[in-house]
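As a plain string of letters, each chain reads:
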Amino acid sequence: MKSLCFIPVYNQVREFPKVLDELASCDFPCDVLLVNNGSSDGSEDLVHQSGYTYIDLPENKGIGHSFMVAMDWALEHQYEIFSVIASNAKMLPSEMQRVLQPILDDEADYVTGSRFLKGGDSPNLPGFRKNAIPMVNIFVRLLTGAHITDATCGYKAYRTSLFRQANFDWHAPWLNTYGFEYYVYGKVVRDASIRWAEVPITMRYPPKGQSYTKMKAFKSWYEMLKPWVIARFDRQGFNPKGT
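A brief report on the enclosed structure follows.

Rules used throughout
- Residues numbered from 1 in each chain as written.
- Predicted model: local features only at pLDDT ≥ 70, side-chain atom pairs only at ≥ 80, totals over all residues.
- Heavy atoms only, no water.
- Axes fitted to C-alpha atoms, helices over the stretch in contact; angles between N-to-C directions.
- Helix = DSSP H or I, 4+ residues; strand = E, 2+ residues; numbered from the N terminus.
- Parallel < 35°, antiparallel > 145°, perpendicular 65-115°, else oblique.
- Left-handed = near helix turned anticlockwise from the far one by under 90°.
- Contact = heavy atoms within 4.5 Å.
- Salt bridge = Lys/Arg side-chain N within 4 Å of Asp/Glu carboxyl O.
- Buried < 20%, exposed > 50% of the residue type's maximum accessible area, 1.4 Å probe, protein only.
- Phe/Tyr/Trp six-rings, centres within 6.5 Å; stacked < 30°, edge-to-face > 60°.
- Lys NZ or Arg CZ within 6 Å of the ring centre and 35° of its normal.
- 1 Å grid on protein atoms, 1.4 Å probe; cavity = no way out; pocket = protein on both sides within 12 Å on 5 of 7 lines; lining within 4 Å.
- Points joined across faces, edges and corners; volume = space filled by probe spheres on them.
- Expected span 1.5 Å × (residues − 1).
- Pairing = 2+ DSSP bridges.
- Arc of directions from axis to C-beta.

### A closer look at the packing of helix H5 (residues 127–144) against helix H8 (residues 219–233)
Move 1: Where H5 contacts H8, the axes come no closer than 10 Å and their chain directions differ by 15 degrees. When the interaxial angle is binned, H5 and H8 end up roughly parallel. The crossing of H5 and H8 is right-handed. On H8, the residues that touch Phe 128, Arg 129, Ala 132, Val 136, Phe 139, Val 140, Leu 143 and Thr 144 of H5 are Trp 221, Leu 225, Trp 228, Val 229, Arg 232 and Phe 233.

Shown next as structure tokens:
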């Protein structure tokens, strides 16, 4: 199946070289699309010099907006699988095959990683995240009924056909932020016709005392939790396959 890995890049000049090195050193199973999300710290030069296909966005409208641009590109170029890893070196490119495999084996339509499943790991996981993620899992379970072990993990792969089936507006401006990923995820786990799965992955964090996220306290977490609520109650979803 024709597979694309989308990597959003925004001011990660310190971390992104490690991602590029690891992509080059493993047998990476996807084509790569870099989306430069208005970087100004030199990351844009790394993108341009990487040798990978890239899209330059003149300003950072949010991570969700870059997802929309990348998915439009994937659909236009007839990719069947869309995957994503971060440019901050927390995710291992060498683990992409295990994320793709349930789709390739026709066992799932949507796959997401989990650092908490057996075989997963999260070196240097900050204490706040260690306590907050289980609370998010409970929040999601109460809303959707889905038993998810790592609801915040961004290491994912899914069939692009889901976006052709969507009867919701996945280009809506309110999804320009972190909302895009979690609104779609909420729609997936609520639809009994869509097969989803978690697989064990590694999420690496820098040593204690170093910055590990661009998320802003309260604002970013609100943007991450709000879409789950809307996905539960707005009565939109996916059209049946073939319609």
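### Focus: the pattern of salt bridges
Move 1: With the rule as written, the count across this model stands at nine salt bridges.
Move 2: Ionic pairing is found between Arg 195 and Asp 109, a salt bridge with its closest N-O pair at 3.1 Å. Placement of Arg 195 in the loop between helix H7 (179–190) and strand E7 (196–200) and of Asp 109 in the loop between helix H4 (96–104) and strand E5 (110–114) is noted, with a sequence separation of 86 residues between them.
Move 3: Its relative accessible area of 29% is what places Arg 195 among the partly exposed residues.

### Side note on the packing of aromatic side chains
Move 1: One pass over the structure, following the stated rule, counts 17 aromatic pairs.
Move 2: Taking 5.0 Å as the distance between ring centres and 80 degrees as the angle between the ring planes, the aromatic pair formed by Phe 163 and Trp 170 counts as edge-to-face.
Move 3: For Phe 163, a relative accessible area of 6% puts it in the buried group.
Move 4: For Trp 170, a relative accessible area of 8% gives the class buried.
Move 5: Put simply, the rings of Phe 6, Phe 67, Phe 82, Tyr 110, Tyr 158, Phe 163, Trp 170, Phe 180, Tyr 182, Tyr 185 and Trp 228 pair up and form one aromatic cluster.
Move 6: The aromatic ring of Tyr 79 is capped on one face by Lys 2, whose charged end is 4.6 Å from the ring centroid.
Move 7: Against the face of Tyr 185 rests Lys 156, its NZ or CZ located 4.0 Å from the ring centre.

### Looking at empty space enclosed by the protein
Move 1: One pass over the full model with this rule turns up one cavity of 30 Å³ or more.
Move 2: In this structure, the largest cavity spans a volume of roughly 30 Å³.
Move 3: Taken together, Phe 67, Tyr 110, Lys 156, Tyr 158, Phe 180, Glu 181 and Val 184 form the lining of the largest cavity.
Move 4: Of all the secondary-structure elements, those providing two or more residues to the lining of the largest cavity are strand E6 (156–159) and H7.
Move 5: Here the lining of the largest cavity takes three residues from H7, the largest share from any one element.

### Concerning H8
Move 1: End to end, H8 covers 22 Å across 15 residues, agreeing with the expected 21 Å (1.5 Å per residue, within 8%).
Move 2: Among all positions in H8, only Ser 220, Trp 221, Glu 223, Met 224, Pro 227, Trp 228 and Ala 231 are buried.
Move 3: Residues of H8 that are buried in the fold lie against H5 and H7.
Move 4: Positive phi shows up at Arg 235, right after H8, with a value of about 60 degrees.

### Thoughts on the sheet that holds strand E2 (residues 31–37)
Move 1: Overall, mixed pairing links the seven strands, which are arranged E3-E2-E1-E4-E6-E5-E7 in an open sheet. Every other strand in the sheet has two partners, leaving strand E3 (53–57) and E7 as the edge strands with one partner each. Shown here is a sheet whose adjacent strand axes are inclined to one another by a mean of 20 degrees, direction ignored.
Move 2: Along the sheet face, helix H3 (residues 63–76) touches strand E1 (3–9), E2, E3, strand E4 (81–84) and E6 and points at about 150 degrees away from the line of E1.
Move 3: In this fold H4 packs onto E1, E4, E5, E6 and E7, with an angle of close to 25 degrees to the strand it touches most, E6.

### Here we look at H4
Move 1: Among the residues making up H4, those that are buried are Met 96, Val 99, Leu 100, Pro 102 and Ile 103. With its buried residues spanning 150 degrees around the axis, H4 presents them on a single face.
Move 2: Backbone geometry just after H4 places Asp 106 at a positive phi near 60 degrees.

By themselves, these are just geometric observations and shouldn't be taken as functional.
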